[in-house]
Amino acid sequence: MRILILGGTAEARALAQALAGRSEFEAIVSLAGRTAEPLPQAAPVISGGFGGAEGLARYLRNENIDVLIDATHPFAAAISANALKAAGSTNVKLLALRRPPWEKVACDNWIEVESVAQAVQALGETPKRVFVALGRNELQPFAGAPQHFYLVRSVDPVDPPLAVPDAVYIAARGPFGEAEDRDLLARHNIEMIVAKNSGGQATYSKIAAARALGLPVVMLKRPALPDVTSVATVEEVVDFLDHALTLSTARGV
Ligand code: NAP
């Protein structure tokens, strides 16, 4: 069974790893190609996109893909929409692997917003010390509020830097620890955090650290994602594939 995993997440890597020892499955991982040094994968990798839903459909046909697993980040809404269209037009089975969003607990102070522009507004006019945990391509709106100090953590270096007078950049890939993030926030006297509701454990540390320090979090809500069959864990994807394999073997007999 040939499986295309739309990746770019820890879960997609873990899925490729889980399928690596299974000779009945042949997985390919697809990356957008945004990260300068992507982590190695336990399956062959293609990178750079397909050219829209039609391009993805063409790839599915040409490569005789049986199952498409959308294991992309919950904020990667465009590729998820393309996955639904391409799977629909080619009759390829589609399953989404989606981590549940983080839920606010009683003592959390979250200001939920729909966009980065709204997040910038939520910081207010008064200069503040702000920790920004977003991708390097999402930072531009912060240049419109140069009165704040920004501590920016992103996977790849921010180049060119933001056009603001006071910013510090950290290029680092999770997972991070809560104590580490508490220390980081305290060391830079951070007053507010901007994050997106990615879900999962790898980057939850900043949310837990904000809670411990009583800091408000400007939380970007998830974009609307297509309504497709989805599961929350790698194990459930493997179960789905095992089941699909059993059905196709039975049909072949
Ligand atoms: P997006 O807005 O949904 O997609 C934009 C375009 O990038 C797509 O139309 C597609 O190009 C290409 N693309 C995206 N994911 C791809 C994949 N896995 N394989 C091949 N092409 C892909 O995506 P995004 O938000 O920029 O995210 C890009 C990648 O980074 C995703 O793989 C995602 O899992 C990962 N990521 C995203 C975030 C985030 O916050 N957005 C965070 C962590 C990791 P074509 O139309 O040419 O096919």
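Description of the structure in this document.

### A short note on the site of the ligand
Working step 1: Taken together, the neighbourhood of the ligand is formed by 21 residues, with Gly 7, Ser 30, Arg 34, Phe 50 and Lys 196 sitting nearest.
Working step 2: Ser 30 is positioned such that a nitrogen or oxygen atom in its side chain is 2.7 Å from a nitrogen atom of the ligand.
Working step 3: Measuring from an oxygen atom of the ligand, one finds a backbone N or O atom of Ile 79 at 2.9 Å.
Working step 4: When isolated, the ligand has an accessible area of 800 Å², and the protein chains bury 75% of it.
Working step 5: Counting residues per element, the ones that place at least two in the shell around the ligand are β2 (26-31) and α3 (77-90).
Working step 6: Across the shell around the ligand, the residue classes break down as 9 nonpolar, 10 polar and 2 charged.

### Points about the sheet that holds strand β4 (residues 67-70)
Working step 1: Strand order in this open sheet of 6 strands is β3-β2-β1-β4-β5-β12, and the pairing throughout is parallel. Taken across any chain shown, the strands that pair with only one partner, and hence form the sheet edges, are β3 (45-47) and β12 (230-231).
Working step 2: Both strand β5 (residues 93-97) and β12 contribute to a ladder of 2 bridges, which runs parallel. Opposite Ala 96, over in β12, you have Ser 230 as the bridge partner.
Working step 3: Strand contacts of helix α1 (residues 10-20): β1 (2-6), β2, β4 and β5, with the helix running at about 160 degrees to β1, the strand carrying the most contacts.

### A closer look at helix α6 (residues 205-213)
Working step 1: Of all the residues in α6, the buried ones are Ser 205, Lys 206, Ile 207, Ala 208, Ala 209 and Ala 210.
Working step 2: Looking at the buried side of α6, the elements it contacts are β6 (110-113), β7 (129-133), β8 (149-154), α5 (178-187), β10 (192-196) and β11 (217-220).
Working step 3: Backbone geometry just after α6 places Gly 214 at a positive phi near 70 degrees.

### Details of the environment of Glu 11
Working step 1: Relative to the helices and strands, Glu 11 resides in helix α1.
Working step 2: Setting aside residues up to four positions removed in sequence, Glu 11 forms contacts with Leu 97, Arg 99 and Val 234.

### So, the side chain of Arg 2
Working step 1: Relative to the elements of secondary structure, Arg 2 occurs in strand β1.
Working step 2: Of the residues examined, Arg 2 reaches a relative accessible area of 19% and is grouped as buried.
Working step 3: In this structure the side chain of Arg 2 is engaged in a polar contact, spanning 2.7 Å, whose partner is the backbone oxygen of Glu 63.
Working step 4: In contact with Arg 2, other than residues within four places in its own chain, are Glu 26, Ile 28, Glu 63, Asn 64, Ile 65, Asp 66 and Val 67.

### A short note on the sheet that holds β11
Working step 1: Across the sheet, 6 strands lie side by side as β6-β11-β10-β7-β8-β9; this open sheet has parallel pairing. Where the open sheet ends on each side, the last strands, each with one partner, are β6 and β9 (167-171). Ignoring strand direction, the axes of neighbouring strands in this sheet form an average angle of 15 degrees.
Working step 2: Pairing geometry for β10 and β11, over 4 bridges, is parallel. Across the sheet, Ile 193 pairs through a bridge with Val 217, a residue of β11.

### Let's talk about the environment of Asp 227
Working step 1: One can find Asp 227 in the loop between β11 and β12.
Working step 2: For the pair Asp 227 and Gly 199, spaced 28 residues apart in the sequence, the C-alpha separation amounts to 18 Å.

### Let's talk about the pairing of β4
Working step 1: Every second residue of β4 is oriented toward a common face, with Val 67 and Ile 69 on one face and Leu 68 and Asp 70 on the other, all of them buried.
Working step 2: Bridge count between β1 and β4: 4 bridges; the pairing is parallel. Across the sheet, Leu 4 pairs through a bridge with Leu 68, a residue of β4.
Working step 3: The pairing of β4 with β5 spans 4 bridges and is parallel. Among the inter-strand pairings, Leu 68 is bridged to a residue of β5, identified as Leu 94.
Working step 4: Note on the crossover from β4 through α3 to β5: the handedness is right-handed.

### Side note on the pattern of salt bridges
Working step 1: Scanning all chains against the criterion turns up 12 salt bridges.
Working step 2: Of the charged contacts in the structure, one is a salt bridge between Arg 2 and Glu 63, with a shortest N-O distance of 3.0 Å. Here Arg 2 is found in strand β1, whereas its partner Glu 63 is found in the loop between α2 (52-62) and β4, with 61 residues between them in sequence.
Working step 3: For Glu 63, a relative accessible area of 30% corresponds to the partly exposed category.
Working step 4: A salt bridge links Glu 178 to Arg 182; the shortest N-O distance between them is 3.1 Å. With a gap of 4 residues between them, Glu 178 and Arg 182 both fall in helix α5, about one helical turn apart.
Working step 5: By relative accessible area, Glu 178 is classed as partly exposed at 35%.
Working step 6: What makes Arg 182 partly exposed here is its relative accessible area of 33%.
Working step 7: What you see here is one network of salt bridges that share partners, running through Arg 2, Glu 26 and Glu 63.

Here is what the cut-offs are and how they apply
Residues numbered from 1 in each chain as written. Predicted model: local features only at pLDDT ≥ 70, side-chain atom pairs only at ≥ 80, totals over all residues. Heavy atoms only, no water. Near = heavy atom within 4 Å. Polar contact = N/O pair within 3.5 Å; in protein donor to acceptor, adjacent residues only side chain to side chain. Areas by Shrake-Rupley, 256 points an atom, 1.4 Å probe, with all protein chains shown as cover. Helix = DSSP H or I, 4+ residues; strand = E, 2+ residues; numbered from the N terminus. Nonpolar A, V, L, I, M, F, W, Y, C, P; charged D, E, K, R; others polar. Pairing = 2+ DSSP bridges. Contact = heavy atoms within 4.5 Å. Axes fitted to C-alpha atoms, helices over the stretch in contact; angles between N-to-C directions. Buried < 20%, exposed > 50% of the residue type's maximum accessible area, 1.4 Å probe, protein only. Right-handed = clockwise from strand over helix to strand, strands pointing away. Salt bridge = Lys/Arg side-chain N within 4 Å of Asp/Glu carboxyl O.

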